[in-house]
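Chain by chain, the residues run as shown.
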Amino acid sequence: MKVLLLVPKRYSLYESFESIFSNGDIESFFVDYQHIVGKWENRVHMQYFRFPDKWRLKWEAYYFEKINKFYREEFQRVKPDLVMVYNDELLVPETVEYFKERGAKVAFFLGDHPFYTNFNRYYLSLLFLADAIYVPDSFWMKQLAKMGLKKLYFFQTDLPRNQYYKKVLPARLYDELKSEVLYVGVSYSNSWGYKKARFLDHFTPFDLKIYGNKHWKKFFRFFPGLEPHFWERTEYIPISRMNEMYNAAKIIPVDGNPGILAGLHQRVWEALGAGALPLMEWQDDLTEIFGNEVDLPAVKSYDDIEEMTRYYLDHEEKRVELVNWMRNLVDEKYAPEKNLELFRHSLQLN
């Protein structure tokens, strides 16, 4: 069986899909459109949803066609049995129909909610052409099913262990990177950014480091305690460096992104892979994934953040024990071979 994977290599999810499709009877081919577009094109596209619609259509006629022509060429080269897509990867419906007319099945893994994604107006319509849709958030499933979408499956990846793993750091590097609490991520210029800043403000009594974009600064007047903990970054941090930073940290805060209504952010898997404890805003799918057997490091009120953080910093053995338990459970439930079996069954693949 041949699988064409439209999954960006810059995300840790790439490794998870690579592991799933590394079975002996499967040939997998990864395709990422980023190498065929220029930086200026990316910059324009990140802002194009702000354009008047007539200009959006002109941009799409150029940019989307360039990318989808590339996809069709790769499809003809590989001739896959399955095309697996992360989000929408700037596909248009005509290209999905092109794949299906030539005998391939097309499946989507939703990393972001299609209701909150501005970069492809066709995202939601693509899903109605899918042979299967894999969803990491149970509330998304209810919303999408209400619209009439079928073939929805709750799905979680395994830990990205080849990218986020325990690593003994040289003493000098550890001293440079070490922190009790580490947050690496962008903020936003709207209420989502305020929410994120309020969440992180509860970690300021500790040795907190925040690496993020310029939008964080907009909220320092509301939360001045954040500013001494903040380092602005303008470039993408390589995964290898991120792994070292996570290995030098004790706790990784994981806020509930407003677009993730019940599921967990990928940051949870990355933290566990590197041996750090994700201290999370409570999400309902935590019980679906981890059950009720153990008290999880998740708060239902921001007022509890400081107390929970202090507990795990003061009880290192409990912190390590909980990380290991969570890692082992994810390994057991969402191992690559089990996820592959889900794909085979749901897509009726031989």
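Presented here is an overview of the structure given in this document. Because the structure is predicted, anything quoted here is derived from the model rather than measured.

**Some points on the sheet that holds strand β7 (residues 179-184)**
If you trace the 6 strands from one edge of the open sheet to the other, you get β9-β8-β7-β10-β11-β12, paired in parallel fashion. The open sheet has two edge strands, β9 (230-232) and β12 (298-299), and neither has a second partner. Examined bridge by bridge, strand β10 (residues 249-254) and strand β11 (residues 277-281) share 4 bridges and lie parallel to one another. Each bridged residue has a counterpart across the sheet, and for I251 the counterpart in β11 is L277. Packed on one face of the sheet, helix α12 (residues 305-314) meets β7, β10, β11 and β12 and runs near 155° to β10.

**A short note on the sheet that holds strand β3 (residues 82-86)**
The parallel open sheet is built from 6 strands, whose spatial order is β2-β1-β3-β4-β5-β6. Bordering the open sheet on either side are β2 (27-30) and β6 (152-154), each of which pairs with just one other strand. Each adjacent strand pair in this sheet contributes to an overall mean axis angle of 20°, direction not counted. Bridge count for β3 against strand β4 (residues 105-109) is 5 bridges, and the pairing is parallel. Following the sheet pairing, V85 is matched in β4 by F108. With respect to the sheet, helix α3 (residues 53-78) is in contact with β1 (2-6), β2 and β3, its orientation differing from that of β1 by roughly 160°.

**A few points about the pairing of β2**
Of the strand pairs in this sheet, β1 and β2 are connected by 4 bridges, and their pairing is parallel. Bridging across to β2, V3 finds its partner in S28. Crossover connection from β1 via helix α1 (residues 13-20) to parallel β2: handedness right-handed.

**A few points about the nonpolar core**
In this structure, L200, F203, I210, W216, W269 and F290 are the most contacted members of the largest nonpolar core, which totals 41 residues. Per element, the largest residue contribution to this core is 5 residues, and it comes from helix α13 (residues 316-333). Counting residues in each nonpolar core, the second largest holds 38 residues, with L4, F99, V106 and L110 among its members.

**Describing the pattern of salt bridges**
Here the structure, examined in full by the defined rule, presents 21 salt bridges. With its nearest N and O atoms 3.6 Å apart, the salt bridge here joins E101 to R102. Owing to a relative accessible area of 64%, E101 belongs among the exposed residues under this scheme. Given a relative accessible area of 42%, R102 falls into the partly exposed group. Notably, a salt bridge pairs K250 with E316, separated by 3.4 Å at the nearest N-O pair. In this pair, K250 is assigned in strand β10 and E316 in helix α13, connecting sequence segments 66 residues apart. By relative accessible area, K250 is classed as partly exposed at 27%. With relative accessibility at 32%, the residue E316 sits in the partly exposed group.

Scoring rules and cut-offs
Within every chain, residues take consecutive numbers counted from 1 along the sequence as written. Local features are withheld for residues below a pLDDT of 70 in this predicted model, meaning they are given only at 70 or higher, and side-chain atom pairs are given and counted only at 80 or more; totals for whole chains, interfaces and linings count all residues. As a rule here, side-chain values come from all non-hydrogen atoms in the structure, and water together with hydrogens is ignored. Strand pairing is assigned whenever DSSP identifies at least 2 bridges connecting the two strands. Helix and strand assignments follow DSSP, with helices taken as H or I runs no shorter than four residues and strands as E runs no shorter than two, numbered in order from the N terminus. Residue contacts are counted whenever heavy atoms from the two residues lie within 4.5 Å of one another. Axis lines are fitted through C-alpha atoms, for helices just across the contact stretch, and the angle between N-to-C directions can take any value from 0 to 180 degrees. Handedness of a crossover is defined as follows: with both strands directed away from the viewer, a clockwise route from the first strand across the helix to the second makes it right-handed. Put simply, buried Ala, Val, Leu, Ile, Met, Phe, Trp, Tyr and Cys residues joined by side-chain atoms within 4.5 Å make one nonpolar core. Buried means the residue's accessible area, taken with a 1.4 Å probe over protein chains only, is under 20% of the maximum for its type, while exposed means over 50%, and partly exposed covers the values in between. The term salt bridge refers to a side-chain nitrogen of Lys or Arg lying within 4 Å of a carboxyl oxygen of Asp or Glu.

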